[in-house]
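Coordinates in review
Residues per chain are reported as follows:
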Amino acid sequence: MNTVSIAALRTELWQKELYQDVMDELYFMRNGMMGKDANNIIQIKDDLKKSNGDTVTFGLTTKLGGSGVSGDGELEGNEEQISSYSQSVVIDQIRNSVRLTGKLDEQMAAYDMRMDAKSKLATWAREMLERQIFMKLGGVTTTTLTDYAGSVYSGLATWSNKPNVVPAAEEAAGTGARYVCADASGIDSLQTTDILTPALISRARHKAVLASPRMRPLRVEGKDYFICFIHPSQAYDLKNAASGVWAQAQREAQIRGDKNPLFTGALGVWDGVIIYEHEYVPTAQATAAFSVDGTATAVRCYRALLCGQQAGVYAQTADSFNMVEKLFDYDNKVGYATGIIGGVQ
């Protein structure tokens, strides 16, 4: 007769629930920006679910740029080469745990302490992944950056992978191949009056469209859109600018009735760019730099992120999320641990 431990089944159930709690509620998944195909901001790669390994390499290809052959012109020998690039993602593990104080406290508590512990661990895992994605997109490698409240948020900036950074020379120049600063003199000349404007969003989109290789926008209901993530402080400046350009554009756009999740969760649309507000958009305090060798900002700076297809990737494994229950002190105390095995780039 085959037997199965009830405790083992319970752990398996918790792990499935944890996966659903984290992935289904993940900001990028919830807003229709994350999935397995290339037409997503964050592409999910699950190669390591099927086989062991510590690295996933996936390909990126560009659009064809040739003009073709007209009429009866000879096509053979004039074939166009497809330009391809690759990106590797290394996996790592990170864990967290909670230990309850004992059965007496559980009896006295006015809430279910065990369910609360598991819920908080799921929230921690979700926020951990969200923070990682934003830091990777923003090229953050400095581990001492603080948020608006002054708390260090970038301690794990290089977990699993080091992101591609904006070169210090481009930050100092105020412009680069894939970078544009609100102050044309550079990040080290920023002032508090240098704010995010619709014109700056248009400049970034212009740079993305002309980039080589070209950034590919998302295809949404037959139209092309880029996604731009901005910090709440940038959103405040955008909505309250004296010019009123943004506010008027949103009144006229009437996108609120659109059922596509890419629009329903958005702050608005400007010049083919869907704007999203999120508190995890990277920020650097005065005299700090986003990357270890980067140029320091003169004032607190927020790095808006203009993204197209495959801007980031999340590598999953067969054991991406796990939940473990353990008893202590002659079964009087219980602890829960959760872990993530995966990679973000």
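A few points on the structure. (Residues numbered from 1 in each chain as written. Predicted model: local features only at pLDDT ≥ 70, side-chain atom pairs only at ≥ 80, totals over all residues. Heavy atoms only, no water.)

Here we come to the overall build of the chain. When its secondary structure is counted, the chain shows nine helices and 17 strands. Taking all 345 residues of the chain together, the buried fraction comes to 43%. Long-range pairs, those at least 24 residues apart, make up 66% of the contacts in the chain with a sequence separation of at least 6. Accessible surface, the chain: about 18400 Å² in total, of which carbon and sulfur atoms supply 49%. (Helix = DSSP H or I, 4+ residues; strand = E, 2+ residues; numbered from the N terminus. Buried < 20%, exposed > 50% of the residue type's maximum accessible area, 1.4 Å probe, protein only. Contact = heavy atoms within 4.5 Å. Areas by Shrake-Rupley, 256 points an atom, 1.4 Å probe, with all protein chains shown as cover.)

Here we come to the packing of aromatic side chains. In total, this model carries nine aromatic pairs according to the counting rule given. Summarising the aromatic geometry, the rings of Tyr27 and Phe134 are spaced 6.2 Å apart at their centres and angled 45° between planes, so their arrangement reads as tilted. Linking Tyr27 in helix 2 (residues 27–30) with Phe134 in helix 4 (residues 113–137), this pair joins segments that are 107 residues apart in sequence. Measuring from ring centre to ring centre gives 5.6 Å for Phe28 and Phe229, while their planes differ by 75°; the resulting arrangement is edge-to-face. Remark: Phe229 occurs in strand 9 (residues 223–230) and Phe28 occurs in helix 2; sequence separation between them is 201 residues. Here Phe28 matches Phe229 in class, with each residue buried. One residue, Arg99, lies across the ring of Phe328, its end atom 3.7 Å from the ring centre. Its guanidinium or amino end placed over the ring of Phe290, Arg303 lies 4.1 Å from that ring's centre, counting from NZ or CZ. (Phe/Tyr/Trp six-rings, centres within 6.5 Å; stacked < 30°, edge-to-face > 60°. Lys NZ or Arg CZ within 6 Å of the ring centre and 35° of its normal.)

Here the focus is the pattern of salt bridges. Taken as a whole, this structure holds five salt bridges when the rule is applied. Taking the shortest distance from any N to any O, the salt bridge between Asp116 and Lys120 comes out at 2.7 Å. Of the two residues, Asp116 and Lys120 are both situated in helix 4; the distance of four residues between them amounts to about one turn of the helix. On the basis of relative accessibility, which here comes to 26%, the residue Asp116 falls in the partly exposed class. Between Arg303 and Glu171 there is a salt bridge whose closest N-O contact spans 2.7 Å. On the criterion of sequence distance, the pair formed by Arg303 in the loop between strand 13 (301–302) and strand 14 (305–307) and Glu171 in helix 5 (residues 168–173) is long-range, its members being 132 residues apart. (Salt bridge = Lys/Arg side-chain N within 4 Å of Asp/Glu carboxyl O.)

To continue, consider the environment of Val281. Its place among the elements puts Val281 in the loop between strand 11 (273–277) and strand 12 (283–284). In this structure the C-alpha to C-alpha distance between Val281 and Gly138, which are 143 residues apart in sequence, comes to 7.7 Å.

The next point concerns the side chain of Lys136. Inspection of the secondary structure assignment puts Lys136 in helix 4. Look at Lys136: it is buried, it has no salt bridge, and the nearest opposite charge is Asp92 at 9.0 Å. Separated by 2.6 Å, the side chains of Lys136 and Gln132 make a polar contact. (Lys, Arg positive; Asp, Glu negative; His and termini not counted. Polar contact = N/O pair within 3.5 Å; in protein donor to acceptor, adjacent residues only side chain to side chain.)

A separate point is the pairing of strand 11. Burial analysis of strand 11 places four of its five residues in the buried class, which makes it a mostly covered element. Where strand 10 (residues 268–270) folds back on strand 11, the antiparallel hairpin that results is connected by two residues, among which Asp271 adopts a positive phi of roughly 50°. (Pairing = 2+ DSSP bridges.)

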